[in-house]
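Spelled out, the chains give:
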Amino acid sequence: MLLIDLDPQGNASTGLGVARSERSPGSYEFLLGLKSLDECIRTTKIPGLSVMPASVQLAGAEIELIDLERREHRLADVLNATGSVARQRWSTILIDCPPSLGLVTLNALVAVDAVLVPLQAEFLALEGIGALSNTVTRIKRSLNPKLHIAGVVLTMVDRRMTLSQQVEADVRDHFGDLVFGTTIPRNVRIAEAPSHGLPVLIYDNACAGSQAYILLASEFIRRRRTGSAEAPALESMPQEPTPQEPAP
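Residues numbered from 1 in each chain as written. Predicted model: local features only at pLDDT ≥ 70, side-chain atom pairs only at ≥ 80, totals over all residues. Heavy atoms only, no water.

Walk down a regular strand and you will see the side chains alternate between the two sheet faces. A large share of strand β6 (residues 148–155) lies buried, amounting to 8 of its 8 residues. Pairing of strand β5 (residues 114–120) with β6 involves 7 bridges; the strand directions are parallel. Counterpart to valine 115 in the pairing with β6 is isoleucine 149. The handedness of the β5 to β6 crossover, carried by helix α8 (residues 123–142), is right-handed. (Buried < 20%, exposed > 50% of the residue type's maximum accessible area, 1.4 Å probe, protein only. Helix = DSSP H or I, 4+ residues; strand = E, 2+ residues; numbered from the N terminus. Pairing = 2+ DSSP bridges. Right-handed = clockwise from strand over helix to strand, strands pointing away.)

Rendered as structure tokens:
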């Protein structure tokens, strides 16, 4: 599996232990065609998982892309270019997107087959998912006919709070079977793991957050095998809004 970090904040890169001094060349150079695939990827502590890290240079990519030809297709083009064997080397490519619908995120949505939406169980996050759904519909119509929403994952769920329960009920009522049955709870160990440069499954695989992610992975794989969700080989993961301080 390959994870492409397209968020200038580089949270996915941090969580996989890639130091900031080691993030270039990475997704910025790959997106603009400045470096080859092999120059831009790093191995991780997780067997079978590679990462293409993000650097702060991505923050300027929005401006640099404006004047380029096929600016919405840059990522798709470099992934499909002669000599780029990403789709042959990895059966699944995940793309972590920035929390905005700019040109960088648009490149991800044009390059992938489906969107996997992490949704924080908060009211403002619920408002944003409507805009995302409309964006996916427009991109499917004009730029990427394969694109669809493969699923919605509820995160930072605290069932002690009435608001979390209401948001979950509203999301399930609107999206139905697209919403994964597994939810990710608020958990302090999830928040601690990135500071150690480790995924939570390695940092503490017995905590409630890790166990929830294991169940989510199992459900995701089961959906792909049974065809209950149209989960494809590439998924895009638009980043959820900046979370509040997690509770233990």
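Here we come to the side chain of serine 164. Position of serine 164 relative to the elements: it lies in helix α9 (residues 162–175). Judged by relative accessible area, serine 164 falls into the buried class, the value being 2%. Apart from the residues within four sequence positions on either side, serine 164 is in contact with Ala121, Met156, Val157 and Asp158. (Contact = heavy atoms within 4.5 Å.)

Turning next to the packing of aromatic side chains. Scanning all chains against the criterion turns up 1 aromatic pair. Of note, arginine 223 hangs over the ring of phenylalanine 180, and the distance from its end group to the ring centre comes to 4.1 Å. (Phe/Tyr/Trp six-rings, centres within 6.5 Å; stacked < 30°, edge-to-face > 60°. Lys NZ or Arg CZ within 6 Å of the ring centre and 35° of its normal.)

Another point: the confidence of the model for the chain. With 90% of its residues at a pLDDT of at least 70, the chain reaches an overall mean of 86. Below a pLDDT of 50 lies the segment residues 229–234, which in the model reaches 23 contacts outside its immediate sequence neighbourhood of four places, other chains included. Note on residues 237–248: pLDDT under 50 across the span, and 40 contacts to partners over four residues away in sequence or across chains. (pLDDT = per-residue confidence, 0-100.)

Before going further, it helps to examine the packing of α8 against α9. The contact between α8 and α9 brings their axes to 10 Å, and the two run at 20°. With respect to each other, α8 and α9 are oriented roughly parallel. As α8 packs across α9, the resulting crossing turns out to be right-handed. For the pair α8 and α9, the contacting residues are Phe123, Leu126, Ile129 and Ser133 in the first and Leu163, Val167, Asp170, Val171 and Phe175 in the second. (Axes fitted to C-alpha atoms, helices over the stretch in contact; angles between N-to-C directions. Parallel < 35°, antiparallel > 145°, perpendicular 65-115°, else oblique. Left-handed = near helix turned anticlockwise from the far one by under 90°.)

What follows is about the nonpolar core. Leu75, Ile95, Val152 and Val171 are the most contacted members of the largest nonpolar core, which has 51 residues in total. With 7 residues, helix α7 (residues 103–111) is the largest single contributor of residues to this core. (Core = buried A, V, L, I, M, F, W, Y, C linked by side-chain atoms within 4.5 Å.)

Before going further, it helps to spend a moment on a nonpolar patch on the surface. Taken together, the side chains of Phe123, Leu124, Met161 and Leu163 make up a nonpolar region of the molecular surface, amounting to roughly 380 Å² of accessible area. Mapped onto the fold, phenylalanine 123 is located in helix α8. Classification of phenylalanine 123 as partly exposed rests on a relative accessible area of 48%. (Patch = residues over 30% accessible without salt bridge, like charges linked within 9 Å, V, L, I, M, F, W, Y side chains within 5 Å. Areas by Shrake-Rupley, 256 points an atom, 1.4 Å probe, with all protein chains shown as cover. Salt bridge = Lys/Arg side-chain N within 4 Å of Asp/Glu carboxyl O.)

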